[in-house]
Amino acid sequence: MKDSEIIGRDEAELIANKPYEYGFVTDIEADSAPPGLNEDIIRFISSKKSEPEWLLNWRLNAFDKWKNAVDSEPDWANVSYPPIKFEEACYYSAPKSKVDGPKSLEEVDPELLKTYEKLGIPLREQEMLAGVAVDAVFDSVSVATTFKDKLSELGVIFCPISEAVKNHSDLVRKYLGSVVPVTDNFYSTLNSAVFTDGSFVYVPEGVRCPMELSTYFRINAANTGQFERTLIIAEPDSYVSYLEGCTAPMRDENQLHAAVVELVALDNAEIKYSTVQNWYPGDEEGNGGIYNFVTKRGACRGNNSKISWTQVETGSAITWKYPSCILQGDGSVGEFYSIAITNNLQQADTGTKMVHIGKNTKSRIISKGIAAGKSNSTYRGLVRMQSGASGSRNYTQCDSLLLGNQCGAHTIPYIESKNQSSEIEHEATTSKINEDQLFYCRQRGIGEEDAVALIVNGFCREVLQELPMEFAVEAQKLVAISLEGSVG
Amino acid sequence: MSTGVTKSKKIEFPYANAALLKLGVTEGGFLPSTAEESWKYTNLARLAKIPFENGNTTNYHSNLDPSSSDKFNNFSHQLFFINGKFISHDNFFPPLPMGIKVDLLDKKSNNNEYKNNSLLFMNQNLCSDRVKITIGAKIKFNEPISLIFYNYTKDKPLAIYPNVEIVLEEDSNITIIEQHLSETLSTYWENSFIDIDLHKNAELKHYKLNNGCPDTLSTSYSNVLQDLNSKYLCFNLAYGSTLYRNETHVSLNGENSECNLYEAHLLNHKQHADTTSIISHNVPNCISKKLYRGVLNDNSRAVAQAKVKVSKLAQLTDAQQLFRGILLSPNAEINTKPELEIFADDVKCSHGAAVGSLDEEQIFYLRSRGLNESASKILLIEAFMNEHFAMIENPRIRELMLGVFDNWITIHRKHN
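How each quantity is defined
Residues numbered from 1 in each chain as written. Chains lettered and ligands numbered in written order. Predicted model: local features only at pLDDT ≥ 70, side-chain atom pairs only at ≥ 80, totals over all residues. Heavy atoms only, no water. Phe/Tyr/Trp six-rings, centres within 6.5 Å; stacked < 30°, edge-to-face > 60°. Helix = DSSP H or I, 4+ residues; strand = E, 2+ residues; numbered from the N terminus. Buried < 20%, exposed > 50% of the residue type's maximum accessible area, 1.4 Å probe, protein only. Axes fitted to C-alpha atoms, helices over the stretch in contact; angles between N-to-C directions. Parallel < 35°, antiparallel > 145°, perpendicular 65-115°, else oblique. Left-handed = near helix turned anticlockwise from the far one by under 90°. Contact = heavy atoms within 4.5 Å. Nonpolar A, V, L, I, M, F, W, Y, C, P; charged D, E, K, R; others polar. Buried area = accessible area lost by both parts, 1.4 Å probe. Salt bridge = Lys/Arg side-chain N within 4 Å of Asp/Glu carboxyl O. Polar contact = N/O pair within 3.5 Å; in protein donor to acceptor, adjacent residues only side chain to side chain. Pairing = 2+ DSSP bridges. pLDDT = per-residue confidence, 0-100.

Remarks on the packing of aromatic side chains
Residues and elements named next belong to chain B. Under the definition given, this model contains 32 aromatic pairs over all chains. Measuring from ring centre to ring centre gives 6.3 Å for Phe-80 and Tyr-150, while their planes differ by 35 degrees; the resulting arrangement is tilted. Of this pair, Phe-80 sits in strand S4 (residues 77-82) while Tyr-150 sits in strand S8 (residues 145-153), placing them 70 residues apart in sequence. For Phe-80, a relative accessible area of 0% corresponds to the buried category. Judged by its relative accessible area of 1%, Tyr-150 falls in the buried class.

This is the structure:
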């Protein structure tokens, strides 16, 4: 089955589900909260989502904590931006109706279409991404429904978190905030108070999820929320691979994005979480662009559990993101593979934390930072061996590549060892593109820009090959596109 | 974070407050707290509780003849400081060679230059003497010049502020060995400041040995400015003191200058040692290296931090950092942070860090050759550190440092 069909049918179901949505949208005034952040807004969000009492209280408690900390917005990251006016933002608006979107691809901005073309995105998928209203006739048997049937047969739950709150309240209540506590950091506190969207995944014991769970397939995920909240639970002996985001450029009117992602892996379970982030980075002068302030953390609670993060970060004006692993279970494994590309005036401060608590835990960090234009890219990582983490190992490699002399690449690794029998290895290099390699490519008739793209792709290979198939091909092209205009 | 009150970046320091007030200075009497990034791993809170007195108010041991005592590892040329106070040279020692000048400078009271660095601010305001050593142009001198910082306390804890400026004029070349030694009945805090200025083509080899008594506290700050083609080599061995911090700031301001920092920690008991350095590459074509090795026993803790800054102009920079630590005990702890901050594209910058225990396979190999476990371990520790000590060119200084290493091994052997 072709991707295009999947998406088309997926989209169709979205239309099919519309009545429910329409019921929501009739009164436009009541469906968007007025700008501002106060208890009423939080009650409004909670009641819109018909949430149980405990969650409302949870949100209010978070808001209370956030109010007290409103002056302690973190300033340690190597990024700079004008102060965010939290009071002026709008914290709830109903998903946009597809009817208002363009009627066909001909109405879509040709620049955007060009980019889709370069990425090799199938036509049907392009329509979905551009928000083209698709005729519901397309579809009789929804593929998404087929997927859902297959998943539910195995007992896998994959739904929006707001749905999970209603249908699987006990699970959500048990795990929500257990990996990223409400007061973990400024933005996670804010998210806890106002989150509106996100995924919930539950994989029961012994189940190997037969397909990559992508936000593509989650029907209402076309508009990713501003304050996403994702929770993934893998019961003993289970496996799940989750894909987030997409390679296509995403535009959003909300400047601040503060998502929280929590992963829990129990005995022998494995979670693979892949992200491709390509939010609007702002224009060449650095106007606009998304502030992507994300807290992602996975807890390897069970013995021999494994959590693997892979990320390709090319978008956003500012990225502030440290997907981490708490290696609690004996023999658990954490991995972090990252590519961060910054161009023009983008700023990225990203990295990971590997906290080794259990015995014989292992972690591996491969980070590739590429800075071009006038951008700044920072790797910030922590590897900590607690005193009980006997026989544990870490290997870290973080390489930076600089294109041009206006950009900056920074590496800030924290290495803490309280255990004699564990070993930590860290390597880092910073360099520019090898002239010899460039010359070799040029000599064989490859244009300079293509040659740079080729070399950068080689530089990132170790990370790219960790991505699931469907992402990997597009991600390679994305790497090249992100660097356009940075050479020569 | 902290959804509560932000942690204060200052620790109240009543002694310093009072001492500065006496000079009419109303600010600056505080210590940096662990909320400050560069002090994240070293906590000075215990200093704040000690009722120090200024070292300069106490008369030194009148019977002491620094030129005759063996414990100062006499080199032929010495400059002697007791509790931070410079001991007039003529009384004890042969005259310094031609071209080397020692001056006492005026104190810079209420100096605001270091307002942001409270430790330096205290040093500038509370030091007994400011000593300037000038090495004249084209002076080349092979014999090391020894700076002895000898601290002596009786019943009261003292705060001691050595303050030395070293200027190497054009084309000069010397070796300096800085030794921090002590004899104490109660604790002291030595807060030293060494300001080094290397002019064109100057070359300084700077060896440092902290061999203060256990239970003493020491913070040391060096500021190094380097001009065209200058070379700076520093080898620092941290062995004594219960709390030790060595902070080095190097600015490579002239092309083709080179800076090599070697740091070694040999720690026991509850010792805490910290090496922190910032190397700023401000011009093209400079080379810098920071190599750290630490061996930690018992409950000791080591901190190794370094930051290499490469400015936009500093193309063709070659900067290396390599940190290696060995933990010999389950309670030892090491924290390292090798940072890079790079704004130029045509550079070669790398850092590496490796922390672990002795290699079991290597121990097994040695045991299979008939060595017992303890001897095998000691052999491996020696091999690990000797690579570092081999960087010391001057045979007398190497012998002195290796002697300290032998002491440490002996103590280690007794323990295990």
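As for the packing of helix H4 (residues 39-48) of chain A against helix H5 (residues 53-68) of chain A
Residues and elements named next belong to chain A. One can describe the packing of H4 onto H5 by two numbers: an axis separation of 10 Å at closest approach and a directional angle of 150 degrees. In terms of orientation, H4 lies roughly antiparallel with respect to H5. Pair H4 / H5 crosses with right-handed handedness. Counted together, Glu-39, Ile-42, Arg-43, Ile-45 and Ser-46 of H4 and Leu-56, Arg-59, Leu-60 and Phe-63 of H5 form the full contact between these two elements. Of the residues in the contact of H4 with H5, the class split is five nonpolar, one polar and three charged.

Quick look at the interface of chain B and chain A
A common measure of how large an interface is: the accessible area buried when the components associate. The interface of chain B with chain A comprises 40 residues on the first partner and 40 residues on the second. Taken together, the two surfaces of chain B and chain A that pack against each other cover about 3,100 Å², and 50% of this comes from carbon and sulfur. At the junction of chain B with chain A, the criterion picks out one salt bridge. Between A:Lys432 and B:Asp346 there is a salt bridge; the shortest N-O distance is 3.6 Å. Where chain B meets chain A, there are 14 residue pairs in polar contact (both at pLDDT 80 or more). At the level of elements, strand S22 (333-342) and strand S23 (348-356) of chain B are the ones that each hand at least two residues to the side of chain B that touches chain A. For the side of chain B that touches chain A, the residue count by class is 17 nonpolar, 13 polar and ten charged. Pairing analysis gives seven bridges linking strand S20 (residues 423-432) of chain A to S23(B), with the strands arranged antiparallel. Across the sheet, A:Ile424 pairs through a bridge with B:Val355, a residue of S23(B).

Quick word on the environment of A:Trp320
Residues and elements named next belong to chain A. Tracing the chain through its elements places Trp-320 in strand S11 (residues 318-321). With 243 residues separating them in the primary sequence, Trp-320 and Ala-77 have C-alpha atoms 7.6 Å apart. Sequence-distant contacts of Trp-320, that is, excluding residues within four places in its chain, are made with Pro-74, Trp-76, Ala-77, Asn-185, Tyr-187, Asn-292, Phe-293, Val-294, Thr-295 and Asp-349.

With respect to the pattern of salt bridges
On inspection of all chains with the given rule, the structure shows 34 salt bridges over all chains. With a shortest N-O distance of 3.6 Å, A:Glu423 and A:Arg393 are connected by a salt bridge. In this pair, A:Glu423 is assigned in strand S20 and A:Arg393 in strand S18 (residues 393-402), connecting sequence segments 30 residues apart. Looking at A:Glu423, the relative accessible area reads 33%, which means it is partly exposed. A:Arg393 gets classed as partly exposed once you look at its relative accessible area, which sits at 37%. Residues joined by salt bridges that share partners form a network here, namely B:Glu37, B:Lys307, B:Lys337, B:Glu339 and B:Glu341.

Examining unusual backbone geometry
Residues and elements named next belong to chain B. Phi is positive for Asp-215, close to 75 degrees, though the residue is something other than glycine. Along the polypeptide, Asp-215 turns up in the loop between strand S13 (203-210) and strand S14 (217-226). Of note in the backbone geometry, Ser-241 takes a positive phi value of approximately 65 degrees without being a glycine. Considering the arrangement of structural elements, one finds Ser-241 in the loop between strand S15 (231-238) and strand S16 (243-252).

Examining the confidence of the model for chain B
Residues of chain B with pLDDT of at least 70 account for 91%, and the chain-wide mean is 87. In the model, residues 1-5 of chain B has pLDDT below 50 throughout and makes 14 contacts with residues more than four positions away in sequence or in other chains.

A look at the pairing of strand S17 (residues 376-385) of chain A
Residue and element names in this part refer to chain A. The element S17 is largely enclosed, with a buried count of eight among its ten residues. Bridge count for strand S14 (residues 347-350) against S17 is four bridges, and the pairing is parallel. Paired with Thr-350 across the strands is Tyr-379, a residue of S17. As paired elements, strand S15 (residues 353-356) and S17 share four bridges and run parallel to each other.

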